[in-house]
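Notes for the structure review
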Amino acid sequence: MFKGLFAAALLALPMLASADVVGEVSTVFKVLGPNDKIVVEAFDDPKVEGVTCYLSRAKTGGVKGGLGLAEDRAEASIACRQVGPIKFSGQLKDGEEVFKERTSLVFKTMQVVRFFDKKRNTLVYLVYSDRIIEGSPQNAVTAIPILPWAQ
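Residues numbered from 1 in each chain as written. Predicted model: local features only at pLDDT ≥ 70, side-chain atom pairs only at ≥ 80, totals over all residues. Heavy atoms only, no water.

1. A look at the overall build of the chain
Defined as follows: Note on conventions: DSSP H or I runs of at least 4 residues are helices, E runs of at least 2 residues are strands, and numbering of each starts at the N terminus. Here the term buried applies to any residue with accessible area under 20% of the maximum for its type, exposed to any over 50%, and partly exposed to those in between, with areas from a 1.4 Å probe on protein chains only. The contact definition used throughout considers only heavy atoms, calling two residues in contact when any of these lie within 4.5 Å. Working definition of accessibility: Shrake-Rupley area with a 1.4 Å probe, residue cover restricted to the visible protein chains.
The secondary structure content of the chain amounts to 2 helices and 8 strands. In the chain, the succession of helices and strands from N to C terminus is α-β-β-β-α-β-β-β-β-β. In the chain, which comprises 151 residues, the share counted as buried stands at 32%. Of the contacts formed within the chain by residues at least 6 apart in sequence, a portion of 48% connects residues at least 24 apart. Accessible surface, the chain as shown: approximately 9,600 Å² in total, 60% of it carbon and sulfur.

2. Quick word on the side chain of Gln82
Cut-off, in case you're wondering: We call two N or O atoms a polar contact when they sit within 3.5 Å, provided that within protein one can donate a hydrogen and the other can accept it, with sequence-adjacent residues counted only if both atoms are side-chain atoms.
Here Gln82 shows up in strand β4 (residues 76-88). By relative accessible area, which is 17% here, Gln82 ends up buried. Within the structure, the side chain of Gln82 is placed 3.1 Å from the backbone oxygen of Gly84, a separation counted as a polar contact. Polar contacts involving the side chain of Gln82 include one to the main-chain carbonyl oxygen of Leu147, which spans 3.3 Å. The residues touching Gln82, leaving out its near neighbours within four places in the chain, are Gly50, Ile144, Pro145, Leu147 and Trp149.

3. Some points on the sheet that holds strand β1 (residues 20-28)
For clarity, the threshold we go by: The rule for pairing is simple: two strands pair if DSSP sees at least two bridges between them. Angles run from 0 to 180 degrees between N-to-C directions of axes, and those axes are lines fitted to C-alpha atoms, restricted for helices to the stretch in contact.
Pairing is antiparallel in the open sheet, where 4 strands are placed in the order β1-β2-β3-β4. Of all the strands in the sheet, just β1 and β4 have a single pairing partner and so form its edges. Direction aside, the axes of adjacent strands within the sheet are offset by 15° on average. Strand direction decides the pairing type here: β1 and strand β2 (residues 36-44), joined by 7 bridges, are antiparallel. Across the sheet, the residue bridging to Val28 is Asp36, located in β2.

4. Some points on the side chain of Glu96
By the element assignment, Glu96 lies in strand β5 (residues 96-102). Other than its neighbours up to four places away in sequence, Glu96 contacts Lys47, Gln91, Val112, Val113 and Arg114.

5. Description of the sheet that holds strand β7 (residues 122-131)
With respect to topology, 4 strands assemble into an open sheet ordered β5-β6-β7-β8, the strand pairing being antiparallel. Looking at which strands have only one partner, the edges of the open sheet turn out to be β5 and β8 (139-145). Averaged over all pairs of adjacent strands, the angle between their axes in this sheet comes to 20°, without regard to strand direction. Where strand β6 (residues 108-117) lies against β7, 10 bridges are found, and the strand directions are antiparallel. Directly across from Met110, in β7, lies its bridge partner Ser129.

So far we have only geometry, and geometry alone does not tell us how the molecule works.
Structure follows, in structure tokens:
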């Protein structure tokens, strides 16, 4: 019974992309624990084949960062690109979350949402950070015109 409920709960979760670390650079040396750094991650849109997004963001180091207790900064940059023929798997919803990562122990997340600009036939991706009590207006946006892909 429990296994069936667990499986149903997993299926009910939205499809979210997972990121691969492309690279990182240290920004602040820490004597104890890992350095503060900027991490570049790549993820593929789970509902749009042929689109990869690159996200750069700050990761806090030190003892708290090493233990996963630090709160990362809200700043991020995003660049999404068409990397192959675009194919949709399922209906797209405006503001649909395609990537989400925890940036503090409990209350803060960084997420990427997708919009479809029908008039311009363009996919628009927005990255922002939110917190249960107070979010941040800092954000970044990128757009991909849906074009035929040369074979």
